[in-house]
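What follows is each chain in one-letter form.
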Amino acid sequence: MKNVLLICGAGASSGFMAAAIRKAAKKRKMEMSVFAKSESQLNEYIDKTDILLIGPHLAYMEADITAETAGKNVKVAVIPQLIYGTIDGNKALDFILGMED
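Residues numbered from 1 in each chain as written. Predicted model: local features only at pLDDT ≥ 70, side-chain atom pairs only at ≥ 80, totals over all residues. Heavy atoms only, no water.

1. Observations concerning the sheet that holds strand E4 (residues 75–78)
Okay, step 1: Ordered in space as E2-E1-E3-E4, the four strands form an open sheet in which the pairing is parallel. The outermost strands of the open sheet, each flanked by one partner alone, are strand E2 (32–38) and E4. The sheet shows a mean angle of 20 degrees between the axes of neighbouring strands, taken without regard to direction.
Okay, step 2: For strand E1 (residues 2–8) and E2, the ladder comprises seven bridges, and the chain directions are parallel. Following the sheet pairing, Leu-5 is matched in E2 by Phe-35.
Okay, step 3: Here helix H1 (residues 12–27) sits on the sheet and contacts E1 and E2; the angle it forms with E2, its principal contact strand, is near 175 degrees. (Pairing = 2+ DSSP bridges. Helix = DSSP H or I, 4+ residues; strand = E, 2+ residues; numbered from the N terminus. Axes fitted to C-alpha atoms, helices over the stretch in contact; angles between N-to-C directions. Contact = heavy atoms within 4.5 Å.)

Structure follows, in structure tokens:
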């Protein structure tokens, strides 16, 4: 089971995205834990995270977040705006699966 953490400014918009990803994973019969939090909560959840997705509006923080996760087995990426803006759970899930390759 993969644990995916989405972070955004307050955790609200990423909450909708996380729900869409969970729904897409369920339809594909995949076990995946997807949760959304504010970027200020990152340190509380990083140790139970396999994949960390950053909201596109926080792309400027990617280098700092990647540095914060150094030494941990966490893959970090910014969710493309096209996927995030349309809250497309299927495309987001494809993006996550592509990160595992």
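After that view, the rundown keeps rolling.
2. With respect to H1
Okay, step 1: The terminal C-alpha atoms of H1, which comprises 16 residues, lie 23 Å apart, in line with the 22 Å expected from a rise of 1.5 Å per residue.
Okay, step 2: Of the surrounding secondary structure, the elements contacted by the buried residues of H1 are E1, E2, helix H4 (81–86) and helix H5 (89–99).
Okay, step 3: Just downstream of H1, Lys-29 is the residue with a positive phi angle, here 60 degrees. (Expected span 1.5 Å × (residues − 1).)

3. Some points on unusual backbone geometry
Okay, step 1: Non-glycine residue Lys-29 carries a positive phi angle of around 60 degrees.
Okay, step 2: With respect to the helices, strands and loops of the structure, Lys-29 is situated in the loop between H1 and E2.

4. Observations concerning the pattern of salt bridges
Note on pairing: side chains with opposite charge can pair once their charged atoms come close.
Okay, step 1: As enumerated under the stated definition, the model contains two salt bridges in all.
Okay, step 2: Between Asp-94 and Arg-28 there is a salt bridge, with the nearest N and O atoms lying 2.8 Å from each other. One end of the pair, Asp-94, is in helix H5; the other, Arg-28, is in the loop between H1 and E2, and 66 residues separate them in sequence. (Salt bridge = Lys/Arg side-chain N within 4 Å of Asp/Glu carboxyl O.)

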